[in-house]
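So the chains spell out like this:
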Amino acid sequence: MTNLKIDYTHLKTLLMEVQWKAADAETKKIVLSIAKTIRQQQDVTKKEQEWLQGLNYLRESDLIDFPCDDLVTLNHLWEQYSQGHFGFRVQSQLWQQVSQDYNKFADLVGWRNGDADSWHYYSHLTFSLDAPKGHLPAAIFYAEESAIGWAATIKNRCDECLL
């Protein structure tokens, strides 16, 4: 993977200004931009490539080859400006803490309320430090308003890149 030369200035500014929702949206924008670049490098038909480029959400397979440098940078910014309350490493640690049970993880980080039918819509998440630890970033784990997950994959990539 070539260096994508992502500019993190806007994300850093949003996090410094405690604009959590906007920072989450910017994180999703950055992650999707990287994912789309990765998708372009895949050996697929033109029709599949067009479909992949049109996706506005992250697929589990997009995380497998996600560049460590970018994951480290994103995580560092989130951890730094939330004083360790938010970030991918925090989410990874919580994922391990609940023995990799996605429902327990989603309950712990505040994406759901204890039963299979009570997932929070993205717009109903808490965009402040009052949110549970690991609550953000969340936008990359949502397609439109619905949660799609991938906590297991981000945990594996965090293990490879952040530890």
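Reference entry: report on the structure contained in this document. Worth saying up front: this structure is predicted, and the values here are computed from it rather than measured. (Residues numbered from 1 in each chain as written. Predicted model: local features only at pLDDT ≥ 70, side-chain atom pairs only at ≥ 80, totals over all residues. Heavy atoms only, no water.)

What about the overall build of the chain?
At step 1: Check the secondary structure of the chain and you find eight helices and two strands.
At step 2: In sequence order, the chain lays out its α and β elements as α-α-α-α-α-α-α-β-β-α.
At step 3: Across the 163 residues that make up the chain, the buried fraction comes to 47%.
At step 4: Pairs at least 24 apart in sequence give 62% of the contacts found in the chain among residues at least 6 apart.
At step 5: For the chain, the accessible surface area stands at approximately 8400 Å², while carbon and sulfur atoms represent 48% of it. (Helix = DSSP H or I, 4+ residues; strand = E, 2+ residues; numbered from the N terminus. Buried < 20%, exposed > 50% of the residue type's maximum accessible area, 1.4 Å probe, protein only. Contact = heavy atoms within 4.5 Å. Areas by Shrake-Rupley, 256 points an atom, 1.4 Å probe, with all protein chains shown as cover.)

Details of the pattern of salt bridges
At step 1: Enumeration over the complete set of coordinates arrives at three salt bridges.
At step 2: When the shortest N-O distance is used, the salt bridge between Asp 107 and Arg 112 registers 2.8 Å.
At step 3: Given the relative accessible area of 6%, Arg 112 is considered buried.
At step 4: For Arg 157, the salt bridge goes to Glu 160, with nearest N and O atoms at 2.3 Å. One end of the pair is Arg 157 and the other is Glu 160, both in helix α8 (residues 151–162) and three residues apart, which spans about a single turn.
At step 5: Arg 157 gets classed as buried once you look at its relative accessible area, which sits at 13%.
At step 6: When its relative accessible area of 53% is taken as the criterion, Glu 160 is described as exposed. (Salt bridge = Lys/Arg side-chain N within 4 Å of Asp/Glu carboxyl O.)

A closer look at the state of the cysteines
At step 1: Tallying each qualifying case throughout the model produces one disulfide.
At step 2: Between Cys 68 and Cys 161 runs a disulfide, and the two sulfur atoms are separated by 2.0 Å. Its torsion about the S-S bond being -70°, the disulfide of Cys 68 and Cys 161 is classed as left-handed. Linking Cys 68 in helix α5 (residues 68–81) with Cys 161 in helix α8, this pair joins segments that are 93 residues apart in sequence.
At step 3: On the accessibility criterion, Cys 68 (25% relative accessible area) is partly exposed. (Disulfide = S-S within 2.5 Å.)

As for the packing of helix α1 (residues 9–16) against α5
At step 1: Where α1 meets α5, the axes come as close as 9 Å, and the angle between the chain directions of the two elements is 15°. Comparing their axes, α5 and α1 come out roughly parallel. Helix-helix and strand crossings are classified by hand; for α1 and α5 the assignment is right-handed. Of the residues in α5, those in contact with Leu 11, Lys 12, Leu 15 and Met 16 of α1 are Leu 74, Leu 77, Trp 78 and Tyr 81.
At step 2: The residue makeup of the contact of α1 with α5, split by class, is seven nonpolar, no polar and one charged. (Axes fitted to C-alpha atoms, helices over the stretch in contact; angles between N-to-C directions. Parallel < 35°, antiparallel > 145°, perpendicular 65-115°, else oblique. Left-handed = near helix turned anticlockwise from the far one by under 90°. Nonpolar A, V, L, I, M, F, W, Y, C, P; charged D, E, K, R; others polar.)

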